[in-house]
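Reading the structure
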Protein chains: 2
Amino acid sequence: MTAAEILAIGDELVHGALLDTNSRYITRELESHGLPVRRFTVVGDDPQQLAAAMADACRRADVVVATGGLGPTLDDRTREVAAELVGAPLQFDAAAWEMVRQYLSSRRRPVPESNRRQALFPLGATVLSNPVGTAPGFRVRIDRAELFVLPGVPREMRVMLQDHVLPFVAALPGARPTAQYYLRVVGPSEALLGERIAAFMVADRNPAVGVTVSAGMITIRIVATAATAAAAAAMCAATADELRPLLGEWLLAEGLAELPELAVRRLAAAGLTLATAESCTGGLVAAALTDVAGVSAVFRGGFVTYSDASKLGELGVDAAVLADHGAVSEAVAAAMATGAANRLGARLGLSVTGIAGPDGGTPDKPVGTVCFGLAADGRARSWTLRIPDLGRDFIRQRAVVEAWAALLRLPTST
Amino acid sequence: MTAAEILAIGDELVHGALLDTNSRYITRELESHGLPVRRFTVVGDDPQQLAAAMADACRRADVVVATGGLGPTLDDRTREVAAELVGAPLQFDAAAWEMVRQYLSSRRRPVPESNRRQALFPLGATVLSNPVGTAPGFRVRIDRAELFVLPGVPREMRVMLQDHVLPFVAALPGARPTAQYYLRVVGPSEALLGERIAAFMVADRNPAVGVTVSAGMITIRIVATAATAAAAAAMCAATADELRPLLGEWLLAEGLAELPELAVRRLAAAGLTLATAESCTGGLVAAALTDVAGVSAVFRGGFVTYSDASKLGELGVDAAVLADHGAVSEAVAAAMATGAANRLGARLGLSVTGIAGPDGGTPDKPVGTVCFGLAADGRARSWTLRIPDLGRDFIRQRAVVEAWAALLRLPTST
């Protein structure tokens, strides 16, 4: 069966200075075009290690997509290693060099001689143009694999994957389209959910059903393979229909979109506007919202109130309420939500105030105590979550999930 | 030479639902304890694929750290696959089951029968206790490797790596301690910087020198190997001393700490307090600041001003200034910075207002135009950056880097 592997190249990856995010993007694209991915490998620039990993991948897979090691600096060795495996010399490609020169010149940037290295390719390889950077890629046959070598800079890799790799993949005779569908669940533990849906989580099921846990949210992944993309999507939908009744109120959202995007769409559809007031999440909710295209139609702005003074001053939280209940309290959360909405003229106000730790916990309000407020048209409700103290980052992330849950669970007719 | 590989297991990883962040953490820890990492592999839960990847790693490396596939659900198959490679049956471990039960009971959570799977281990394996979750790990010899199998949940993996793996690694006879040191550079292109420091970026140099680019910042990584950790650190320092004069004003910061942490330390050392006002970065600066422990001593709070009305109302930006210059202008940036500092009683105000795209650009102010303001004790200065339009995310991230640069380049005696 036709299958792919992904190879991420760079000392900065294998020694941990940088996280490999390219492979995840590539696997999603290849699989949605019908080519299953079996393995990723991350390896450094050391020529011997790189040659071994590249040869291994090209022996096992039909298509190998490699990223990284095409830069102008001398520590980048991917070209040399691929040429060695092909058994061909590197050759200077004048047309590719002209593309590099033009790219730099048109941006009024100098054209360092060292960039000439980026126009070297194994003899016989096909040069892959890079419209958004200086590193062209190449495509070459090694062992049983068609090897595509792309730059490691994510935005360059993405454009070149679309331009050069996906058309090839879509035309493969053995390609079996897959479709994915996600159900997002908040509430149960992984084991409890697993028992509830155990009948679905069996080997060799198609669609396959798997679960992934992150900061209080469980994602149920449904992945189907079929003769056509439409048939695979229909199979996913049928499995989702069977799962839905088992999930009940745990089910928060559906589909591949991330929660902030769903929340923005929900607000836009309801014609609602939102203001936020964040204490322990410190702007994470606002930052995720403002990453969504089209958010300006619904998001009026936010406050990061990291001190009692700013809760009082900016949001008009009553000093007596703050003194009586403390900054982390449902009363203050409600006042923050109302204050944020009022100050920015939004119909909804959403607030988060809590103790993310490591310090600041008390017997009454241990680390992980987080209060939320949601104000709608002047009336506010508030609630408290006791998040397990699994670290500051976990508590902040779990609180952010609760913010999305609050927005996604708004009654449709507010 | 003794070397390690890392194996990350899970359909959610190889099919792209989740990003593997564990391997990066593990490589840093193993290498700082003297064990070089040669390769990471990411593979799914399919038993055949997993067995092949696990066998490959155990044939090449002396130590293999595997994460994932130890959950209670039936899609997790790491135990079964390891047992098959060992050639031993799975055996129920009553003591491990008691640990799982106690962990759940002490948190007043139900004890589902499906969790019993988590107490199954290959006969002859050493059980590795998990003090922070329900999935114990195990250690077993396969081929030339000592294989450590840990859960995939990051916080559980981290504790168990510290408890069970690193003591083993530190005692290895062939362990060669390494040290790392980073120089953070803002200004030149990668090629230009590469030419300047080309003499350092040669194969087999010790310390090795490499560069990594992300959103306008270049990190120069210096990695030394020596007989002792102290000797390796001294070698890094010596190379940094040689590089520094070549970098001049490009050099923004040094050391392994991330920029937000360095910015907070800098403010704390100078006794300064800060307020932020963010438009196109939408809370990213505040969110990163509030992720730093001890930030409450310096950070007074922030505003996410996503509409003109909020710039006027909350920050007291003059309506005439806004009308004359537009929201993305140095005049408004200066007024936002001053307003944020005044409103929250902070000595410094930092503002970001720009066009992150994809819409909103004009011939005069194309997408990527971002204005910054920095107010100190009532006086404000402002400046503009023309960030290449490499996507909304790139523009936002580059703007955030500029915010750290502004804070880190404050004169020491403000």
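These notes cover the structure that comes with them. Keep in mind that what you see is a predicted model, and the values were worked out from it rather than measured. (Residues numbered from 1 in each chain as written. Chains lettered and ligands numbered in written order. Predicted model: local features only at pLDDT ≥ 70, side-chain atom pairs only at ≥ 80, totals over all residues. Heavy atoms only, no water.)

1. Focus: the relation of the copies chain A and chain B
Under the fitted operation, chain A is carried onto chain B by 0.0 Å of movement along the axis and a turn of 180°, and the coordinates agree to an RMSD of 0.1 Å. Both copies of the chain, as the preceding transformation shows, are related through a two-fold rotation axis. Taken as a fraction of all interface residues of chain A, those also at the interface in chain B reach 99%, which identifies the copy contact as same-surface. (Least-squares fit on C-alpha atoms with pLDDT ≥ 70 in both. Contact = heavy atoms within 4.5 Å.)

2. Looking at the packing of helix 9 (residues 259–270) of chain A against helix 14 (residues 392–408) of chain A
All names here are of chain A. At a closest axis distance of 9 Å, the pairing of helix 9 and helix 14 adopts a crossing angle of 25°. Considering their axes alone, helix 9 and helix 14 lie roughly parallel with respect to each other. Once helix 9 is placed against helix 14, the crossing between them reads as left-handed. Judged by residue contacts, Leu259, Pro260, Leu262, Ala263, Arg266 and Leu267 of helix 9 engage Trp404, Leu407 and Leu408 from helix 14. Partitioning the contact of helix 9 with helix 14 into residue classes produces eight nonpolar, no polar and one charged. (Axes fitted to C-alpha atoms, helices over the stretch in contact; angles between N-to-C directions. Helix = DSSP H or I, 4+ residues; strand = E, 2+ residues; numbered from the N terminus. Parallel < 35°, antiparallel > 145°, perpendicular 65-115°, else oblique. Left-handed = near helix turned anticlockwise from the far one by under 90°. Nonpolar A, V, L, I, M, F, W, Y, C, P; charged D, E, K, R; others polar.)

3. Looking at the pairing of strand 7 (residues 137–142) of chain B
All names here are of chain B. Both strand 6 (residues 126–128) and strand 7 contribute to a ladder of three bridges, which runs antiparallel. Paired with Leu128 across the strands is Gly137, a residue of strand 7. Sheet topology note: the strand 7/strand 8 (residues 145–150) ladder contains five bridges and is antiparallel. Along strand 8, the bridge assignment pairs Val140 with Leu147. Following strand 7, the chain reverses through two residues before pairing antiparallel with strand 8; Asp143 in that reversal takes a positive phi of roughly 55°. (Pairing = 2+ DSSP bridges.)

4. What to know about the sheet that holds strand 9 (residues 178–186) of chain B
All names here are of chain B. Pairing is antiparallel in the open sheet, where four strands are placed in the order 10-11-9-12. Pairing within the sheet leaves two strands with one partner each, and these edge strands are strand 10 (208–214) and strand 12 (251–254). Strand-to-strand twist in this sheet, taken as the mean axis angle between neighbours without regard to direction, amounts to 25°. Sheet topology note: the strand 10/strand 11 (residues 217–225) ladder contains seven bridges and is antiparallel. Considered in strand 11, the bridge of Thr212 is made with Thr219. The strands touched by helix 9 (residues 259–270) within the sheet are strand 9, strand 11 and strand 12, with strand 12 carrying the most contacts at an inclination of about 85°.

5. Observations regarding the packing of helix 11 (residues 308–315) of chain A against helix 13 (residues 330–344) of chain A
Residue and element names in this part refer to chain A. In the contact formed by helix 11 and helix 13, the axes pass within 9 Å of each other and the chain directions differ by 45°. With respect to their mutual orientation, helix 11 and helix 13 come out oblique. The interaxial crossing formed by helix 11 with helix 13 has left-handed handedness. When helix 11 is examined against helix 13, the residues Lys311, Gly313, Glu314 and Leu315 are found in contact with a partner set consisting of Val332, Ala335, Met336, Gly339, Ala340 and Arg343.

6. Focus: the sheet that holds strand 17 (residues 379–386) of chain A
Pairing in this open sheet of 10 strands is mixed, and the strands run 17(A)-16(A)-15(A)-13(A)-14(A)-14(B)-13(B)-15(B)-16(B)-17(B) from one edge to the other. Looking at which strands have only one partner, the edges of the open sheet turn out to be strand 17 of chain A together with strand 17 (379–386) of chain B. Shown here is a sheet whose adjacent strand axes are inclined to one another by a mean of 10°, direction ignored. Here strand 15 (residues 348–354) of chain A pairs with strand 16 (residues 369–376) of chain A via seven bridges, running antiparallel. If you follow Thr353 of chain A over to strand 16 of chain A, its bridge partner there is Cys371 of chain A.

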